[in-house]
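# Architecture and fold: a report
Spelled out, the chains give:
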Number of protein chains: 2
Amino acid sequence: MTNKYNNVYIKDTYTIAGIYEKDGPLKKYFNKIYDQDFYYGTETFEQAEAKMLNDVINPLIKRSNDIDLIIAGDLQNQIAASDYALRNKNIPFLGIFSACATFGEGLCIGANFIEGKRANNIIVATSSHNLVAEKQFRNPTEYGAPKKKTTTFTSTGASGMHLTNEKQPIKITATTIGSVQDQGITDVNNMGAVMAIAAADTIEKHLKNLKIKPSYYDLILTGDLGIYGKQILVDYLLKKGIDISKNYNDCGLLLYDINKQAVFAGASGPACSALVTCSYLYKELLKGTYKKILLVPTGAIFSPTHVFQKQSIPSIAHAISLEVNN
Amino acid sequence: MTNKYNNVYIKDTYTIAGIYEKDGPLKKYFNKIYDQDFYYGTETFEQAEAKMLNDVINPLIKRSNDIDLIIAGDLQNQIAASDYALRNKNIPFLGIFSACATFGEGLCIGANFIEGKRANNIIVATSSHNLVAEKQFRNPTEYGAPKKKTTTFTSTGASGMHLTNEKQPIKITATTIGSVQDQGITDVNNMGAVMAIAAADTIEKHLKNLKIKPSYYDLILTGDLGIYGKQILVDYLLKKGIDISKNYNDCGLLLYDINKQAVFAGASGPACSALVTCSYLYKELLKGTYKKILLVPTGAIFSPTHVFQKQSIPSIAHAISLEVNN
């Protein structure tokens, strides 16, 4: 489902990044860095993630004071980081889940609410925490389980974007809500391969529905396919006659320097595309480095329960056009 | 956030209920009953739930053939029942989570998309499965753990509603998206008490924003407060000068006969309010038994992880006005 917008603008963003993200190439773009440890003054990693998300949402609320609605989600079971971050704020809340594509889903819902004149000011936010994700989806890090090179590294951070109907320099001009794809892949160590099909499907529909070519954008960015998934996506789309190789990259390869950091195939997690978008992309759009960006957050809907039951891993991707307002 | 609608109608509903629900007072209203066992031809409870949800969505798609978007969520970690039910349907999907208020969240998003002319035909769907929920949130039933009388009984069923902009006999006239409440309650056996505050807050705002009194509705229905939570809500609202005692009931007390069935304080789970709405309420609105109903699905955002860490349980409720179109 592709929707176009004339009245959806980005008013503000706020980002908090963790230790590994600080060591990556985007350090100077983050609003805050929490690098003392992984607890941030709380007693557990799960509560630390909720605190980080809360600490992203609070400044956005304070700077604006006119927020109608918050849309948020994260990887914790029951999207608990979002629920706990939003407690007793007295602001209407929509909880969402598209795994690592959650930020994309939030932007799609938020943009449609604003364009449809259903709300004027919305915060879309998400988070992830490496040690929460390792514990919940993989193994507690203390186990020291070996990793495959196709594994991605769940980013630690929280990120929020304030969408508004008031004119601003950067706007959202279109979104495509993706559908759930499943090619039967069961390898939990190769999420890039799982998600590439979802990214391909959504990008193809987005371009087709808007009657544009990849060259319309200065930059096409997937969420967290990593170095191997990135190549699979390029190949998939080439077979359909769509060449994105000239202006395509993956947020997972921007957040970390995979040649210097021990992050395997690149960054992942809902915070990955959200951190890159709300820090680097937003600021470089404001500077004019880019004029038109297609952001495609990607999510592997990995349920440990279903995968233990020998089910394959579904995936989804949503597309968002970010453009400098002329 | 209260939004009003002039162009949001209910075109169709479909419901599948399980063994316990078949023994309740609403048996004749369900489209289908799965009462052979709890597996429905699959190998696990989790896959059975996904199948049930799939079997609700498929007839709604077939009867209409013009669905733009599906909005769904459930209680499984990673809302896996919805993700797996939606695999390879090639229909845009928004995954949502408000615990047992998920159906309410879906109706709020769906109604706003349609009124804002962002989509014309949307399916909102949800499910729950008693044995999946027992395993994930409480204890596997085989343990035979004793239950407190304030415990509710997670319903087994799936339910879908087709919303449209085409004129139909029943319409959604307003919704209020709730905010996350938390009064510090940690008793996982008393979700009615946890959620009553969220229901009170949302009902108060809904009535105030629309400038109406409880008597405007023929019936006010919360999602799954149960017999004890119901009384707490009545008391809460009375203290604020709002008397709902004359026309108020709880879906958890309609789905089961708590005097005859061993269901403790009543039904719960996302399927509870969704089954009651898509079967009994929809059909009785069509007959004219009711003209105006306020539906308030309630959700206790219970994260076992955070509660094991001694955190209290947040809750949320969303309100939806269902009215006969004059």
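Residues numbered from 1 in each chain as written. Chains lettered and ligands numbered in written order. Predicted model: local features only at pLDDT ≥ 70, side-chain atom pairs only at ≥ 80, totals over all residues. Heavy atoms only, no water.

## A look at the overall build of chain A
When its secondary structure is counted, chain A shows 10 helices and 16 strands. Its C-alpha radius of gyration of 18 Å places chain A within 12% of the 20 Å reference for a compact globule of 326 residues. Dimensions of chain A along its principal axes, counting C-alpha atoms only, are 50 × 50 × 35 Å. Taking all 326 residues of chain A together, the buried fraction comes to 69%. For chain A, the exposed surface amounts to about 11,000 Å²; the carbon and sulfur share of it is 48%. If you average the places of the 34 positive and of the 30 negative side-chain charges in chain A, the two averages end up 6 Å apart. (Helix = DSSP H or I, 4+ residues; strand = E, 2+ residues; numbered from the N terminus. Rg over C-alpha atoms; globule rule 2.2 N^0.38 Å. Buried < 20%, exposed > 50% of the residue type's maximum accessible area, 1.4 Å probe, protein only. Areas by Shrake-Rupley, 256 points an atom, 1.4 Å probe, with all protein chains shown as cover. Lys, Arg positive; Asp, Glu negative; His and termini not counted. Charge placed at Lys NZ, Arg CZ, Asp CG, Glu CD.)

## A closer look at the interface of chain B and chain A
Between chain B and chain A, the contact holds 62 residues from the first and 62 residues from the second. Run the count over chain B and chain A and you get 2 salt bridges. Among the salt bridges present, the one from Asp-182 of chain B reaches Arg-87 of chain A, with a minimum N-O distance of 2.7 Å. Linking chain B with chain A are 38 residue pairs in polar contact (both at pLDDT 80 or more). When contributions to the side of chain B that touches chain A are tallied by element, the ones reaching two or more residues are β1 (2–4), α2 (45–64), α3 (80–85), β5 (93–95), α4 (102–115), α5 (130–137), α6 (191–210) and α10 (304–308) of chain B. Element by element, the count of residues in the side of chain B that touches chain A is highest for α4 of chain B, at 6 residues. In the side of chain B that touches chain A, the residues fall into 27 nonpolar, 22 polar and 13 charged. (Contact = heavy atoms within 4.5 Å. Salt bridge = Lys/Arg side-chain N within 4 Å of Asp/Glu carboxyl O. Polar contact = N/O pair within 3.5 Å; in protein donor to acceptor, adjacent residues only side chain to side chain. Nonpolar A, V, L, I, M, F, W, Y, C, P; charged D, E, K, R; others polar.)

## Observations concerning the nonpolar core
Formed by 134 residues in total, the largest nonpolar core has its most connected members in Ile-70 and Leu-233 of chain A together with Ile-70 and Leu-233 of chain B. Excluding residues that lie within four positions of it along the chain, Ile-70 of chain B makes contacts with Ile-57, Ile-61, Leu-86, Ile-91, Pro-92, Phe-93, Leu-94 and Ile-123 of chain B. Judged by nonpolar contacts, the second largest core, of 104 residues, contains Ala-267 of chain A together with Ile-170, Tyr-256 and Cys-278 of chain B. (Core = buried A, V, L, I, M, F, W, Y, C linked by side-chain atoms within 4.5 Å.)

## Digging into α2 of chain B
Residues and elements named next belong to chain B. Its 20 residues place the ends of α2 29 Å apart at the C-alpha level, agreeing with the 28 Å of an ideal helix rising 1.5 Å per residue. Of all 20 residues in α2, 15 are buried, a share of seventy percent or more. Of the residues one or two after α2, Asn-65 is the one with positive phi, at around 65°. (Expected span 1.5 Å × (residues − 1).)

## Focus: helix α9 (residues 270–287) of chain A
Residues and elements named next belong to chain A. An ideal rise of 1.5 Å per residue puts 26 Å on 18 residues; α9 measures up with 25 Å between its terminal C-alpha atoms. Maximal helix bending in α9 amounts to about 35°, located at Thr-277. Of all 18 residues in α9, 15 are buried; the element is thus mostly enclosed. Gly-288 occupies a position one or two residues after α9 and carries a positive phi of about 95°. (Bend = angle between axes of the 7 residues up to and from the residue.)

## Some remarks on the relation of the copies chain B and chain A
When chain B is fitted to chain A, the residual RMSD is 0.0 Å, and the transformation amounts to a turn of 180° plus an axial shift of 0.0 Å. Between the two chains, the operation in question is that of a two-fold axis. When you check the interface residues of chain B against chain A, 100% turn up at the interface there too, and the contact is symmetric in its surfaces. (Least-squares fit on C-alpha atoms with pLDDT ≥ 70 in both.)

## Quick word on the pattern of salt bridges
Applying the stated criterion across every chain yields a total of 26 salt bridges over all chains. Of the charged contacts, one joins Asp-12 of chain A and Arg-63 of chain A as a salt bridge, the two residues approaching to 2.6 Å between their closest N and O atoms. Here the residue Asp-12 of chain A occupies a position in strand β2 (residues 9–17), and Arg-63 of chain A occupies one in helix α2 (residues 45–64), the gap between them amounting to 51 residues. Judged by relative accessible area, Asp-12 of chain A falls into the buried class, the value being 14%. Relative accessible area serves as the criterion here: at 49%, Arg-63 of chain A is assigned to the partly exposed category. The partner of Lys-148 of chain B in a salt bridge is Asp-187 of chain B, and the shortest N-O contact between them spans 4.0 Å. Within this pair, whereas Lys-148 of chain B is found in the loop between α5 and β7 (153–154), its partner Asp-187 of chain B is found in the loop between β9 (170–176) and α6, the two being separated by 39 residues in sequence. Classification of Asp-187 of chain B as partly exposed rests on a relative accessible area of 27%. Three or more residues are tied together by salt bridges with common partners; here these are Glu-134, Arg-138 and Lys-147 of chain A.

## What about unusual backbone geometry?
Within the chain, Ile-79 of chain A stands out as a residue other than glycine whose phi angle is a positive 35°. For Ile-79 of chain A, the location among the structural elements is in the loop between β4 (69–74) and α3 (80–85). Relative accessible area serves as the criterion here: at 2%, Ile-79 of chain A is assigned to the buried category. The backbone of Asn-65 of chain B shows a phi angle near 65°, a positive value even though the residue is not glycine. As for its placement among the helices and strands, Asn-65 of chain B is situated in the loop between α2 and β4 (69–74). Using a relative accessible area of 67% as the deciding quantity, one classes Asn-65 of chain B as exposed.

## Overview of the packing of aromatic side chains
Residues and elements named next belong to chain A. Enumeration over the complete set of coordinates arrives at 19 aromatic pairs over all chains. These aromatic residues form a ring-pair network of at least three members: Tyr-20, Phe-38, Phe-153 and Tyr-256. Cation over ring: Lys-230 sits above Tyr-248, and NZ or CZ is 5.8 Å from the ring centre. (Phe/Tyr/Trp six-rings, centres within 6.5 Å; stacked < 30°, edge-to-face > 60°. Lys NZ or Arg CZ within 6 Å of the ring centre and 35° of its normal.)

## Points about the pairing of strand β8 (residues 157–164) of chain B
Residues and elements named next belong to chain B. Within β8, 8 of the 8 residues are buried, leaving the element largely enclosed by the surrounding structure. Two strands pair when backbone bridges link them, and strand β2 (residues 9–17) and β8 are joined in this way by 8 bridges, in the antiparallel orientation. In the strand pairing of β8, Ile-10 is matched with Leu-163. (Pairing = 2+ DSSP bridges.)

## What about the packing of α2 of chain A against helix α5 (residues 130–137) of chain A?
All names here are of chain A. Viewed as axis vectors pointing N to C, α2 and α5 meet at an angle of 135°, and their least axial separation amounts to 8 Å. The angle between α2 and α5 places the two elements in the oblique class. By crossing handedness, the relation of α2 to α5 is classed as left-handed. Touching Phe-45, Glu-46 and Glu-49 of α2 are Leu-131, Val-132 and Lys-135, all from α5. Its residues assigned to classes, the contact of α2 with α5 shows 3 nonpolar, no polar and 3 charged. (Axes fitted to C-alpha atoms, helices over the stretch in contact; angles between N-to-C directions. Parallel < 35°, antiparallel > 145°, perpendicular 65-115°, else oblique. Left-handed = near helix turned anticlockwise from the far one by under 90°.)

## Some points on the environment of Ala-133 of chain A
Residue and element names in this part refer to chain A. For Ala-133, the position within the fold is in helix α5. Note on Ala-133: relative accessible area 4%, which makes it buried. With 136 residues separating them along the chain, Ala-133 and Gly-269 place their C-alpha atoms 8.4 Å apart. What Ala-133 contacts, discounting residues up to four positions off in sequence, is Leu-75, Arg-138 and Thr-154.

Read these as spatial facts, not as claims about activity.
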